[in-house]
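# Close look at the chain arrangement
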Amino acid sequence: MTKQVQQRDRVIIRFAGDSGDGMQLAGDRFTQETASFGNDLSTLPNFPAEIRAPAGTLPGVSSFQLHFADHDILTPGDAPDVLVAMNPAALKANFDDVPRGADIIANTDEFTKRNLAKVGYAENPLEDGSLSAYQLHALPITSMTVKALVGCEVSRKDAERAKNMFALGLLSWLYSRPVEGTMKFLTSKFATKPEILKANIAAFQAGWNFGETTEAFSVQYEVKPATLAPGLYRNITGNSALTLGLVAASRRSGLPLFLGSYPITPASDILHELSKLKRFGVRTFQAEDEISGVGAALGASFGGSLGVTTTSGPGMCLKAETIGLAASVELPLIICDIQRAGPSTGMPTKTEQADLLMALYGRNGESPVAILAPATPADCFDTAIEAVRIAVKYRTPVIILSDGYLANGSEPWQIPTVDSLAKLRDEFKFAISNEYSGADAAPEFLPFQRDPQTLARPWAIPGTPGLEHRIGGIEKADGAGTISYDPDNHDKMVRLRQAKIDGIAADIPPIEVDDPDGNARVLVLGWGSTYGSIGAAARRVRLAGGSVAQAHLRHLCPFPANLGDVLLAYDKVLVPEINLGQLALLLRGRYLTDVISYNRVRGLPFRAAELAGVIQDVIANV
Amino acid sequence: MSDHGPASQDAAGHGAAGHGAGKPSPADDGADGPRRLASLTLVPKADAKLATRDFKSDQEVRWCPGCGDYAILAAFQAFLPELEIPRENLVIISGIGCSSRLPYYVNSYGMHSIHGRAPAVATGLAASRPDLSVWVITGDGDALSIGGNHLIHALRRNVNIKILLFNNRIYGLTKGQYSPTSEQGKVTKSTPFGSLDTPFNPVSLALGAEASFVARTIDSDRKHLTGVLRAAADHRGTAFVEIYQNCPIYNDDAFAPVTDAGSRDDRLIRLEHGEQIRFGADRGQGLRFSRYGSLEAADVAGTDSDSLLTHDAHAPDPSYAFALSRLDTVDFAHSPIGVFRQVPRPSYDELMADQIEKARERDGDGDLAALLAGGDTWQVG
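Residues numbered from 1 in each chain as written. Chains lettered and ligands numbered in written order. Predicted model: local features only at pLDDT ≥ 70, side-chain atom pairs only at ≥ 80, totals over all residues. Heavy atoms only, no water.

## Some points on the overall build of chain A
Within chain A, the secondary structure is distributed over 20 helices and 23 strands. At 27 Å, chain A has a C-alpha radius of gyration in line with the 25 Å of a compact globule built from 622 residues. Per-residue burial for chain A yields a buried fraction of 63% across its 622 residues. The contacts of chain A with a sequence gap of at least 6 include a subset with a gap of at least 24, amounting to 78%. (Helix = DSSP H or I, 4+ residues; strand = E, 2+ residues; numbered from the N terminus. Rg over C-alpha atoms; globule rule 2.2 N^0.38 Å. Buried < 20%, exposed > 50% of the residue type's maximum accessible area, 1.4 Å probe, protein only. Contact = heavy atoms within 4.5 Å.)

## A look at the pattern of salt bridges
All names here are of chain A. A full pass over the atoms with the stated rule returns 39 salt bridges over all chains. Here Lys319 ties to Glu290 by a salt bridge, and the two come within 2.9 Å at their closest N and O atoms. In this pair, Lys319 is assigned in helix 12 (residues 313–329) and Glu290 in helix 11 (residues 290–302), connecting sequence segments 29 residues apart. Residue class for Lys319 comes out buried when judged on its relative accessible area of 0%. (Salt bridge = Lys/Arg side-chain N within 4 Å of Asp/Glu carboxyl O.)

## With respect to the sheet that holds strand 2 (residues 109–112) of chain B
Taking strand neighbours across the sheet as the criterion, the nine strands line up as 17(A)-2(B)-1(B)-3(B)-4(B)-6(B)-5(B)-10(B)-7(B) in an open arrangement whose pairing is mixed. The sheet is open, and its two edges are formed by strand 17 (470–472) of chain A together with strand 7 (268–270) of chain B, each paired on a single side. Ignoring strand direction, the axes of neighbouring strands in this sheet form an average angle of 20 degrees. For strand 17 of chain A and strand 2 of chain B, the ladder comprises three bridges, and the chain directions are parallel. Opposite Gly472(A), over in strand 2 of chain B, you have His112(B) as the bridge partner. (Pairing = 2+ DSSP bridges. Axes fitted to C-alpha atoms, helices over the stretch in contact; angles between N-to-C directions.)

## Regarding the nonpolar core
Counting residues in each nonpolar core, the largest one holds 155 residues, and the members touching the most others are Ile334(A), Leu525(A), Leu583(A), Leu587(A) and Ile93(B). Ranked by the residues each element gives to this core, the list is headed by helix 14 (residues 379–394) of chain A, at ten residues. When residues of this core are assigned to domains, at least three map to each of domain 2 (234–419) and domain 3 (513–620) of chain A. Those residues in contact with Leu587(A) that sit more than four places away from it in its chain are Leu525(A), Phe559(A), Leu563(A), Leu567(A), Val575(A), Leu592(A), Thr593(A) and Val595(A). Counting 53 residues, the second largest nonpolar core, distinct from the first, contains Ile13(A), Leu168(A), Trp173(A) and Tyr221(A). (Core = buried A, V, L, I, M, F, W, Y, C linked by side-chain atoms within 4.5 Å. Domains from an automatic or database assignment.)

## Some remarks on the interface of chain B and chain A
Counting from both sides, the interface comprises 70 residues of chain B and, opposite them, 76 residues of chain A. In this assembly, chain B packs against chain A so that about 6200 Å² is buried in total across both faces, 61% of it on carbon and sulfur atoms. Contact with chain A buries surface across chain B, with Tyr109(B), Leu372(B) and Trp378(B) losing the most and accounting together for 15% of the total. Taken together, chain B and chain A are joined by four salt bridges. Between Asp376(B) and Arg29(A) there is a salt bridge; the shortest N-O distance is 3.7 Å. Looking at the side of chain B that touches chain A, the elements with two or more residues in it are helix 1 (6–11), strand 1 (90–94), strand 2, helix 3 (118–128), helix 5 (148–157), helix 11 (348–363), helix 12 (368–372) and strand 11 (377–380) of chain B. Sorting elements by how many residues they give to the side of chain B that touches chain A places helix 11 of chain B first, with eight residues. Among the residues forming the side of chain B that touches chain A, the class breakdown is 28 nonpolar, 30 polar and twelve charged. Direction of pairing for strand 9 (residues 231–237) of chain A relative to strand 11 of chain B: antiparallel, over a ladder of four bridges. Paired with Tyr233(A) across the bridge in strand 11 of chain B is Trp378(B). (Buried area = accessible area lost by both parts, 1.4 Å probe. Nonpolar A, V, L, I, M, F, W, Y, C, P; charged D, E, K, R; others polar.)

## Some remarks on the sheet that holds strand 12 (residues 306–311) of chain A
All names here are of chain A. As summarised here, the arrangement of the seven strands in space is 11-10-12-13-15-14-21, forming an open sheet in which the pairing is mixed. Among the strands making up the open sheet, the edge pair consists of strand 11 (283–286) and strand 21 (555–557). Across this sheet, the average inter-strand angle for adjacent strands is 20 degrees, counted without regard to direction. Direction of pairing for strand 12 relative to strand 13 (residues 333–339): parallel, over a ladder of four bridges. When the bridges of strand 13 are listed, Val308 appears paired with Ile334. Sitting on the sheet, helix 9 (residues 238–253) touches strand 10 (257–261), strand 12, strand 13 and strand 15 (397–403), and the angle it makes with strand 13 is about 175 degrees.

## Quick notes on the packing of helix 1 (residues 23–37) of chain A against helix 7 (residues 180–189) of chain A
Residues and elements named next belong to chain A. Closest axis-to-axis distance for the helix 1/helix 7 pair is 8 Å, and the angle between their directions is 135 degrees. In terms of orientation, helix 1 lies oblique with respect to helix 7. On helix 7, the residues touching Leu25, Arg29 and Glu33 of helix 1 are Gly181, Thr182 and Phe185. Tallied by class, residues from the contact of helix 1 with helix 7 come to two nonpolar, two polar and two charged. (Parallel < 35°, antiparallel > 145°, perpendicular 65-115°, else oblique.)

## Overview of unusual backbone geometry
The peptide bond linking Thr265(A) to Pro266(A) adopts the cis configuration, its omega dihedral lying at 0 degrees. Looking at the secondary structure, you find Pro266(A) in the loop between strand 10 and helix 10 (268–275). Following Gly342(A), the chain continues into Pro343(A) via a peptide bond in cis, with omega recorded as 5 degrees. Looking at the secondary structure, you find Pro343(A) in the loop between strand 13 and helix 13 (356–361). With a phi angle near 70 degrees, Asn158(B) is a residue other than glycine that sits in the positive phi range.

## Observations regarding the environment of Ser218(A)
All names here are of chain A. Relative to the helices and strands, Ser218 resides in the loop between helix 8 (194–213) and strand 8 (219–222). Once the C-alpha coordinates of Ser218 and Val5 are considered, the two residues, 213 residues apart in sequence, prove to be 8.9 Å apart. Not counting residues within four places of it along the chain, the set of residues in contact with Ser218 comprises Lys3 and Gln4.

Written as structure tokens, this is what we have:
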């Protein structure tokens, strides 16, 4: 049957099912197919913290949303054009996000009385007409999969488990995706289980063929490749990009990477990824707790490694004292906080950006450190390198504030050449003894004698003759570094430590403002993972004829030197944050600008449409 | 990529850091002279002989007069030249407490870290720098209370660090609260009606935590203390040494039963590997197993000599060492000192370096360009 082919400029699909239904895998494979096809894309995995929540329940629903387009896009999208619902819970949990007219593909095999009752459906929504405003495709996906696998020597259970591949095959047909990558993936994943491999491929092909032959789908869609800048691309998640950035920074600085870490969602993948990279000389230490993870990283930094620790909010609380020690002994240390919804355990798999004030102020005493936040999954790579640059040059802890959305979300990344990366080796050197001499040319090493430019103290690593010294958390005499309780010395050291961090502002790029028509009176200022949502919202406003400027902070401490001027240049500054206004508080305090704070703390990224409305309102009230 | 390899790290003055994956050299006597202490086989040898004074820093020692820490510091500084390593390859890491001030007084690299966390900091340093001799100085509050978790995990992990626990059975720096080794019922500022909790026996705890080296010594017995330090340095992996240390201000004479000339011979059991255990007046007592596996003192005269124990610190099973540690009740009825246990086990840092070396043998040194371009890629334009 020849089908009609329609062009689409962009599509949002959402795979949803039970935690055990393999929706993350299906979504991930569809993403890879889409990436290799050349669309621009952005993804949003959304899953429960429980490994296997009770089957068929609302808390057990796991979903994966993918937005892909023939042009450059910024977010995983607000509302799916297609929802794949593998059971009633998946339909119910996601239904409110699906606009009328969208396609809903439902697995009828799971819409049993029992499963319907479990989530509170009195009637079967696939049959009671309640979905008449939607393009409903009610398909017995499980039984079609099982039938397709007759002849494969797999158990009934394994056959049923392949239903995600059936769904993937069907969607791959519907959107004309290339399939070679998935075939290769399955072949390598099930290399040692030939029967399971055969079953998965058969299920995938059955899904594809079903689309081609059934009358349930009269239209096939095409989304042309996007015009991206020429180069080699791969699809990458924030955690993978951060991992690669840290390894690249290790190579470009010549410092061996030491990761001290304790598993925690959503940061653990960085530990997993780095632990595979031993051939890069990477040492990964799974510590007994968060405190030991950062303590070991600091010990490694003392010894001349690139000490890194990775965690999320609850772990940050535990690391606070050691970060304070690192600030006091003034050694490089990278702390990656992959933020999640809090307080306390909060919602481990849901995103939030509410650790900013903790990163700045969550330690005793005046304890300044540098803070950076990546804007997109791929930007985690560059942010890691920039964090290492600051850490080694200024001998300071640097906190990277990523979050769950960046960590697990993905986008195409233009792979940089190694030579194009910052040559961090030129940013620092270890102290050696012949550089230090006292009055009568006798060697004299002062561990807190600062570089006049950067105010960094010497990084004298054990094993260097003549520079033996002791450091610690007790206040040190300026220069000599010996214990000092002198009041004026303390005042001086407190100010010096702050001045060192403040001075970084002269060494970072100014914040750039995107104000295409130059007429904007409203600036939207964001930080971290809200970059895409804000950018997409600004586009909507501009498409509707409005003028709005956008700026995004990567450096949260210190702020770029021109930030105050930028704020003053606009009548109104809107600051959307996935917290209750933490950046807004800082801006008001520092620049006396009464910024407008917009906050939603739902464990999800902002929707572009929602933010566009907020921006319109602000513009209307200027 | 030539500027990213490990060779240039050496050029940056980095020595063996990170990539120092060499295997320990044979510890036997060789062309290089006498046998190196086992924990130091990857540490460079000093060019010249060092003296005690070389390890004294210019900082004024500020413990209370009469503190046992003075004796330990003096013995430690006098012992350090025996390591025959350059001063710059010695690193002392401490936590918080009176004992943890020690690094300031030794002219080496050092870090006075935060309360309880010294084993964690030392683990990161020792695991990444096998060319260093790393010592942890800690106390009963630091190691057994706030830092208990790090201590037990360091012991089971067997990183090449030497942990010296100064046990004075009291909190000194916070001015006299009871500690996790204080006897139950201890009346202190924070326990005016007596403490309620059962104390830890540090040696039992270490043995329970899978330690590969466990010893005990006493601040006032310089010769014994030095011998135990030597044995600890001669152990590759984590060595745990409990040192009975007198606090003259808040817990004076806590260890008098085992330090006073009048009583100590009846109570102290000096452990020597391979020698029959003898103690008491005229060395007339020995040890034997009781029916349920604990140890008991027995008069040598009148006891079947086959049932009297010869000390075996190298027994693979820790049960005997644990039984020994249980002789040490809070009232010091019998208090063994010396090396309870010393068994060979690969150290964590060695295994870690091994994995890196093997990965490089198998896959070659990491290629950054290939790593960045890994996974599914596609070309645009």
